[in-house]
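Inside the fold
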Amino acid sequence: MTADQQAVEQDTTNPIPGASFDLSVAHPARMYNYYLGGKDHLPADRAAAEQVVAASPDVPLVARANRDFMTRAARLLAAECGIRQYLDVGTGIPTSPNLHEVVQAVDPTSRVVYTDNDPVVLTHARALLTSTPEGRTAYLDADLRDPALILRAAELRDALDFHRPIALFLVAVLHFLTDDDGAHALVRSLVDALPSGSYLVVSHATGDLAPRNVGQIVDTYTATAAPLVLRGLGDVCRFFAGTEVLGPGVVRLPLWKPDEPPTGIDKVWVYGGVGRKP
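What this report covers is the structure whose coordinates are included nearby. On a predicted model such as this, the values are computed, not experimentally measured, just so you know.

Overview of unusual backbone geometry
Following Ser 96, the chain continues to Pro 97 via a peptide bond in cis, the omega torsion being 0°. Residue position: Pro 97 is located in the loop between strand 1 (85-89) and helix 5 (99-106). Omega for the peptide link from Gly 247 to Pro 248 comes to 5°, which places this bond in the cis form. With respect to the secondary-structure elements, Pro 248 resides in the loop between strand 6 (244-245) and strand 7 (251-252). The backbone of Ala 172 sits at a positive phi, close to 55°, despite the residue not being glycine. Within the secondary structure, Ala 172 is located in the loop between strand 4 (167-171) and helix 9 (183-193). For Lys 257, which is not a glycine, the phi torsion comes out positive at approximately 45°. Relative to the assigned elements, Lys 257 resides in the loop between strand 7 and strand 8 (270-276).

Below, the structure is given as structure tokens:
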């Protein structure tokens, strides 16, 4: 158990001054950390995550496939597309390799702004998301449901130049937005604010490919800080409206530009894709 985790577990109802979250309620970011084998989660997160894994033992494999997709997409954008600025919304608890580690390995001058709304993520991000001397990382405490706040934030504007292309990463976060949140409109407002030549990276859980017990998984997430919303391929593709989707399109994560022949494809019920804003 980390020192931060010990401090948090002393009082799970309000351990962080100013926190607006009840940390006795499971949060998807910390559950995701559990799936990846991390140590930065609380009793409520572990209990909920274990219910999910009991319903679908392949969920940790899916989580790793999602991280691998993020890494491949970031490396491609940095190495082949020349992108040097990144906005990662819904970043989650830092897990190496983090986005900035991938892109700064290609070009140390790359700049990355991380955004999340979980106070535990905030604690770890400020301590662990350290840039190269030539580049920059920043962390913004904000919610995807308020894109205007993200776009006008000093942390974002100080770090990124909106006259140059920016890659927007929305990895495993949009399926925690309901239709009532206006998920597609929220994404469009962020993409519209980016300059031409920018990129959008999305991964999203889907009911098209979900396991037999997916209803139990959805029920578990309903009791957490963010319900899980499964969308079909058509609705996932709608997030890329206004962009030119790179090959191979919006596909199961292991099929998106794999580094080696993919395995376990049929176990991964998440779509991923990358689009370029013309």
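Okay, back to it.
Considering the nonpolar core
Ranked by size, the top nonpolar core spans 89 residues in total, and within it Leu 77, Tyr 86, Phe 169 and Leu 170 carry the most contacts. Counting residues per element, this core draws most heavily on helix 4 (residues 59-79), which supplies 11 residues. Residues in contact with Phe 169, not counting those within four places in the same chain, are Met 70, Ala 73, Ala 74, Leu 77, Tyr 86, Leu 87, Asp 88, Val 89, Leu 99 and Val 201.

Description of the environment of Asp 88
Within the element layout of this structure, Asp 88 appears in strand 1. For Asp 88, a relative accessible area of 8% corresponds to the buried category. Sequence separation between Asp 88 and Tyr 114 is 26 residues; the distance between their C-alpha atoms is 4.9 Å. Dropping the residues within four chain positions of it, Asp 88 is found in contact with Leu 99, Val 113, Tyr 114, Thr 115 and Phe 169.

So, the packing of aromatic side chains
Given two aromatic rings, their pairing is described by the distance between the two centres and the angle made by the two planes. According to the stated counting rule, one finds three aromatic pairs in the structure shown. Between Phe 176 and Tyr 221, the ring centres sit 5.7 Å apart and the planes meet at 40°, which makes this aromatic pair tilted. Here the residue Phe 176 occupies a position in the loop between strand 4 and helix 9, and Tyr 221 occupies one in helix 10 (residues 214-222), the gap between them amounting to 45 residues. One exposure class covers both Phe 176 and Tyr 221, and it is buried. Note that Arg 157 overlies the ring of Phe 162, its terminal NZ or CZ placed 3.9 Å from the centroid.

What counts, and at which threshold
- For every chain, the first residue of the written sequence is number 1, and numbering continues from 1 onward in sequence order.
- Note on the predicted model: pLDDT of at least 70 is required for a residue's local features to be given, and 80 or more for side-chain atom pairs to be given and counted; whole-chain, interface and lining totals, by contrast, use all residues.
- Remark: hydrogens and water are excluded; side-chain values derive from all non-hydrogen atoms of the structure.
- A helix here means a DSSP run of H or I that spans at least four residues, while a strand means a run of E at least two residues long, and both kinds are numbered starting from the N terminus.
- As used here, the term nonpolar core means buried Ala, Val, Leu, Ile, Met, Phe, Trp, Tyr and Cys residues forming a set that is joined through side-chain atoms within 4.5 Å.
- Relative accessible area decides the class of each residue, using a 1.4 Å probe on protein chains only: under 20% of the type maximum gives buried, over 50% gives exposed, and in between gives partly exposed.
- Residue contacts are defined here by distance: any two heavy atoms, one from each residue, within 4.5 Å place the two residues in contact.
- Think of it this way: a Phe, Tyr or Trp ring, Trp meaning its six-membered ring, pairs with another when their centres are within 6.5 Å, and the plane angle makes it stacked under 30 degrees, edge-to-face over 60, tilted otherwise.
- Our definition puts a charge over a ring when NZ of Lys or CZ of Arg is within 6 Å of the ring centre and also within 35 degrees of the ring normal.

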